[in-house]
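Descriptive analysis of the structure
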Amino acid sequence: MKELDLGIEGMTCASCSSRVERALNNLEGVSEASVNLASERAAVRYDPEAVDAERIAETVSNTGYTPLIAEYEIGVGGMTCANCSSRVERKLNKLPGVVAATVNLATERATVRYFPETVSPDAIAETIRRTGYEPRPLEGEAAGEDAESRRARSLAGLRREVWLAAALTVPVLVLAMGHMVIPGLHGLLAAAAPWPGTWEWVQLVLTTLVLAGPGRRFWGPGLQAYRHLSPDMNSLVATGTGAAWLYSTGVVVAPWLFPPEARGLYFESAAVIVTVILFGKYLEEVAKGRTSQAIRKLVGLQAKQARVLRDGREEEVPVSQVRTGDLLVVRPGERIPVDGRVTEGSSYVDESMLTGEPAPVAKSAGDEVVGATVNQHGVLRLEVTQVGSDTVLAQIIRMVERAQGAKLPIQGLADRVVRVFTPSVLVVATLTFLTWLAFGPAPAITLALVSAVAVLVVACPCAMGLATPAAIMVGTGRAAELGVLFRKGEALEALSRVDTAVFDKTGTLTEGRPRLTDLESEGDEAGALRLAAAVEAGSEHPLGAAVREAAAERGLELPEAADFAAVPGHGVRATVDDQTVLVGGRRLLEDAGVDAGPWAERTATLAAEGKTPMYLAVDGTVRAVLAVADPLKAEAAAAVAALRDRGLRVAMITGDNRATAEAIARRAGIDEVRAEVLPDGKAEAVEAMQGEGRRVAFVGDGINDAPALAQAEVGVAVGTGTDIAIEAADVTLARGSLDGVVTALDTARRTLGTIRGNLFWAFAYNVALIPLAAGVFYPALGWTLNPMAAGLAMGLSSLFVVSNSLRLRRLRPVRLPVAEGSAPAAEAPGAPSPARAA
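So, how was this worked out
- Residues numbered from 1 in each chain as written.
- Predicted model: local features only at pLDDT ≥ 70, side-chain atom pairs only at ≥ 80, totals over all residues.
- Heavy atoms only, no water.
- Core = buried A, V, L, I, M, F, W, Y, C linked by side-chain atoms within 4.5 Å.
- Buried < 20%, exposed > 50% of the residue type's maximum accessible area, 1.4 Å probe, protein only.
- Helix = DSSP H or I, 4+ residues; strand = E, 2+ residues; numbered from the N terminus.
- Domains from an automatic or database assignment.
- Contact = heavy atoms within 4.5 Å.
- Pairing = 2+ DSSP bridges.
- UniProt positions renumbered as here; feature names shortened; annotations may be inferred.
- Salt bridge = Lys/Arg side-chain N within 4 Å of Asp/Glu carboxyl O.
- Expected span 1.5 Å × (residues − 1).
- Arc of directions from axis to C-beta.
- Phe/Tyr/Trp six-rings, centres within 6.5 Å; stacked < 30°, edge-to-face > 60°.
- Polar contact = N/O pair within 3.5 Å; in protein donor to acceptor, adjacent residues only side chain to side chain.
- Axes fitted to C-alpha atoms, helices over the stretch in contact; angles between N-to-C directions.
- Parallel < 35°, antiparallel > 145°, perpendicular 65-115°, else oblique.
- Patch = residues over 30% accessible without salt bridge, like charges linked within 9 Å, V, L, I, M, F, W, Y side chains within 5 Å.
- Areas by Shrake-Rupley, 256 points an atom, 1.4 Å probe, with all protein chains shown as cover.
- Left-handed = near helix turned anticlockwise from the far one by under 90°.

**A look at the nonpolar core**
The biggest cluster of nonpolar side chains holds 133 residues, and the ones touching the most others in it are Leu92, Ile124, Val458, Leu495, Leu643 and Val731. Here the element with the most residues in this core is helix α27 (residues 739-774); it accounts for 15 residues. Viewed by domain, this core spans two of them, domain 1 (2-142) and domain 2 (144-284), each represented by three or more residues. Those residues in contact with Ile124 that sit more than four places away from it in its chain are Tyr72, Ile74, Leu92, Leu95, Val112, Tyr114 and Val119. Residues Ala534, Leu543, Val583 and Val628 belong to the second largest nonpolar core, which totals 25 residues.

Printed below as a string of structure tokens:
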């Protein structure tokens, strides 16, 4: 039995604590649970074989209260293969109070969700240490710098070990096999030997130095893994090289124990295996360093200094000393240090680090700016709004790191295989040795030993452990550079499998801002617009704002309007230049006794096009017709076509009436429309599609569409600017363009394709080479695998997986063609929210 303490939020009375206590005591596997209302804590005694901490937390949540769960990320040093990460993960998950733990081999990080009342970060670190690995703190800027310098030191140390191992191995290789390349070398060496067996002893000493020096990185962890009954790559290398060294040492030290035909030496195999594998690990580490390039690039964007206005003077201070509310000065060419709001000045700002869009964005007083973007022209004064971990860049870095550290469902197969793989390899190596020892050609020990060592060395599961995380790191990192942010790695796999893309309309397919699209009058269009805008000056309605904005864009001066009156749902009226002016729909004219005449047919046509038509009547006569619409984004139709070309069904969900919705959908190229859906009904509409067996990606603005975003397999939020910092969708697009939806889909599919390729080659490599190493083809074809070649093949397999993943850095953003004069979309005429015309 284990004991668990957990904090619980939301309990307000004795009945609350009693309800939680009853729920926990009714849980199978819990022998005793007591809940204290005053301390807001629960003490649970449970059987870990029957119930785990995650199930206990779920039970508290299902009762209606919130279990206090913290999340802790910590670096794990010393891992070399999938067995290492699996062992650390198992140990952490067995720790009382840990809800869930995942360990990523590529990022060398562990993410632990835990009950802080039961277990502490120090206990987590100590568990990692006891398991045989190095816990490394990640928090703070210094920790990030330490991680980078630690990687550089580790790489430099590994490079020195490779050179040392090579320097010691080359003489061993020359002494053992040089005569095959240089005729007469064997005789020269024999003549130069001061006593018989000199060169055998030299090989023994040099190989021992290789194993005890550069090779010690395999022996310590390998033996410790055996003690934990969880052998890993280190165990296999140590066993293989150790067997070759031990046998050869026996031949040198006590040759009389071996028959003459079995006195072969295998020092060169042991030494070359260590050297080749070290070289492979060095290349792998170099390649792995490139997989985290995106994070380093993002971190490198952070400004180090800021120019703060204090007491009227400019003062340069470290960014860490900037506080919310400070006033900053940013000159042309400088990076904006932190998030802020422009208070004075105007300029163009390069936001490509955020959106992937190279075109600079105009900024002036009142506009938001994001830290790490580049001020290009004018001097800007900013008021600081976010600092430290609250800035957009910090949020992006955290989002990318979490996505890179995720474990995808597809990795479950590799994890299950790895768990039994190494023990199986040890069994295969033992059977190989015994089989050839019993049935092999004389001297049988030669083929038996060589084949067993080759099996042990060639079967190291490094490539399997790197197959998924390496691709995730590169794919999500590159996506972030393109303005596509995956909040969690699982979204990659989910998005790659969707077969239906569902779009919200307003603000997603459309620009989200009504504009005047049509104006037809008897003659003087400017005069008609001037009158309509004058009347609308007193209106707060979005349609009125669109008319006023159109007049402002044309530079029209508006006369004063008197006797303004708004008729809800119908329109507005006022007196302008002693004329009675009406702006509104048909019902407004009917109530005023005005005949629409020939204009009625034109307004019907505009309404059928998805626009909101309005009449302008002056002193009882219709003088003009205006139409306001929320225009379809210029790339909307191209985005829909691109998704359909990729095999997706595309649908739209909107609150508009069906006629307007279908008009908009036709222009966008969408066949399936669900109209007149209330905001809280969008999630139900998505659920209905899922009930038909469809896998849905919902694309919305991420605010009003939150329920639908959560219901879909993947929620894609089309956001802009600082909205990213608070976005809660699975995937966030840094800019409002729909290009990003197609880019996100392509990224997900390419990344999953790369992962599948990595896993295939990692498995195929072992399936093909283990039988070859075991000598299965020797009786019929005479094929065997030299242990030295096995070491080289093992290193190359990992290098292949990482290099294949690095190809994802070639991903390019999708640039859709922009439709000129794109057809506008609008709210339904007469719809409850913005429409005033019928």
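So, next bit.
**A few points about the sheet that holds strand β2 (residues 30-36)**
Within a sheet, adjacent strands bond to each other through the backbone by hydrogen bonds, running parallel or antiparallel. Spatially, the 4 strands line up as an open sheet ordered β2-β3-β1-β4, and their pairing is antiparallel. The outermost strands of the open sheet, each flanked by one partner alone, are β2 and β4 (66-67). Bridge analysis of β2 against strand β3 (residues 41-46) gives 6 bridges, and the strand direction is antiparallel. Residue pairing for β3: Asn36 is matched across the bridge by Arg41.

**Here's the deal with unusual backbone geometry**
Backbone geometry at Ala372 places phi at a positive 85°, although glycine is not the residue there. Looking at the element boundaries, Ala372 is found in the loop between β15 (368-369) and β16 (374-375). According to the relative accessible area criterion, Ala372 is buried, its value standing at 1%. Positioned with a positive phi, Asp577 is a non-glycine residue whose angle comes to about 50°. In this structure, Asp577 sits in the loop between β22 (571-576) and β23 (579-584). The class for Asp577 is partly exposed, based on a relative accessible area of 44%.

**What to know about the UniProt feature "transmembrane region" (unreviewed entry) in the protein chain**
Mapped onto the present numbering, the UniProt feature "transmembrane region" (unreviewed entry) falls on residues 162-186, 198-215, 236-258, 264-283, 417-439, 445-468, 759-781 and 787-806. Along residues 236-258 the backbone is 78% helical and 0% strand, and the end-to-end C-alpha distance reaches 26 Å. Annotated as 85% helix and 0% strand, the span residues 264-283 places its first and last C-alpha atoms 32 Å apart.

**As for the pattern of salt bridges**
Applying the stated criterion across every chain yields a total of 31 salt bridges. For Glu161, the salt bridge is made with Arg217, and the minimal N-O distance between the two is 2.9 Å. Taken together, the residues Glu161 in helix α5 (residues 140-181) and Arg217 in helix α8 (residues 216-227) connect sequence positions 56 residues apart. The salt bridge involving Arg674 is made with Glu692; its shortest N-O contact spans 3.6 Å. With Arg674 in strand β27 (residues 672-674) and Glu692 in the loop between α25 (682-691) and β28 (696-700), this residue pair connects regions lying 18 residues apart in the sequence. What makes Arg674 partly exposed here is its relative accessible area of 21%. Three or more residues joined by partner-sharing salt bridges are found here, namely Arg307, Glu314, Glu316, Arg331 and Glu334.

**Section: helix α20 (residues 542-553)**
A rise of 1.5 Å per residue sets the reference length of α20, with its 12 residues, at 16 Å; its end C-alpha atoms lie 16 Å apart and thus fit the reference within 8%. When we look at burial in α20, the residues that qualify are Leu543, Gly544, Ala546, Val547, Ala550 and Ala551. Each buried residue of α20 lies within a common arc of 160° when the element is viewed along its axis, so the set occupies one face. Residues of α20 that are exposed and angled more than 90 degrees away from the buried face: Ala552 and Glu553. The secondary structure elements touched by the buried residues of α20 are β20 (515-521), α19 (525-536), β24 (612-618) and β25 (621-631).

**A word on the packing of aromatic side chains**
Two numbers describe a pair of aromatic rings. These are the distance of the centres and the angle of the planes. For the structure shown, the criterion picks out 4 aromatic pairs. Seen from their ring centres, Phe760 and Trp761 are 5.2 Å apart, and the 75° between their planes marks the pair as edge-to-face. Under the relative-accessibility criterion, Trp761 is labelled partly exposed at 47%. With a centroid separation of 6.0 Å and 55° between ring planes, the pair formed by Phe777 and Trp783 is classed as tilted. Among the aromatic residues, those joined into a ring-pair cluster are Phe760, Trp761 and Phe800.

**Some remarks on the side chain of Thr207**
Within the secondary structure, Thr207 sits in helix α7 (residues 198-212). Reaching out from Thr207, the side chain makes a polar contact with the backbone oxygen of Gln203 at a distance of 2.8 Å. Beyond its immediate chain neighbours, meaning those up to four positions away, Thr207 contacts Val172, Trp245, Phe267, Ala270 and Ala271.

**Regarding the sheet that holds strand β13 (residues 347-350)**
With respect to topology, 3 strands assemble into an open sheet ordered β14-β13-β16, the strand pairing being antiparallel. Two strands in the sheet have a free side with no partner beyond their single neighbour: β14 (361-363) and β16.

**Let's talk about the packing of helix α15 (residues 444-458) against helix α29 (residues 787-806)**
Two quantities define a packed helix pair, namely the angle between the axes and the distance from one axis to the other. For the pair α15 and α29, interaxial distance at closest approach is 8 Å and the crossing angle is 5°. What the angle tells us is that α15 and α29 run roughly parallel. When α15 is examined against α29, the residues Val450, Val453, Ala454, Val457 and Val458 are found in contact with a partner set consisting of Pro787, Ala790, Gly791, Ala793 and Met794.

**Describing the environment of Leu164**
Structurally, Leu164 is set in helix α5. Considered as a pair, Leu164 and Leu209 are 45 residues apart in the sequence and their alpha carbons are 9.7 Å apart.

**A few points about a nonpolar patch on the surface**
A surface patch of nonpolar side chains, amounting to about 400 Å² of accessible area, comprises Val776, Phe777, Leu781 and Trp783. By the element assignment, Trp783 lies in the loop between α28 (778-781) and α29. Given a relative accessible area of 48%, Trp783 falls into the partly exposed group.

**Some words on the packing of helix α3 (residues 82-93) against helix α4 (residues 121-130)**
Interaxial distance between α3 and α4 falls to 10 Å at its minimum, and their mutual angle equals 140°. Of the possible angle classes, the one that applies to α3 and α4 is oblique. Like other packed secondary-structure pairs, α3 and α4 cross with a definite hand, here right-handed. Taken together, the residues of α4 that come into contact with α3 (itself represented by Val88, Lys91 and Leu92) are Ile124, Thr127 and Ile128.

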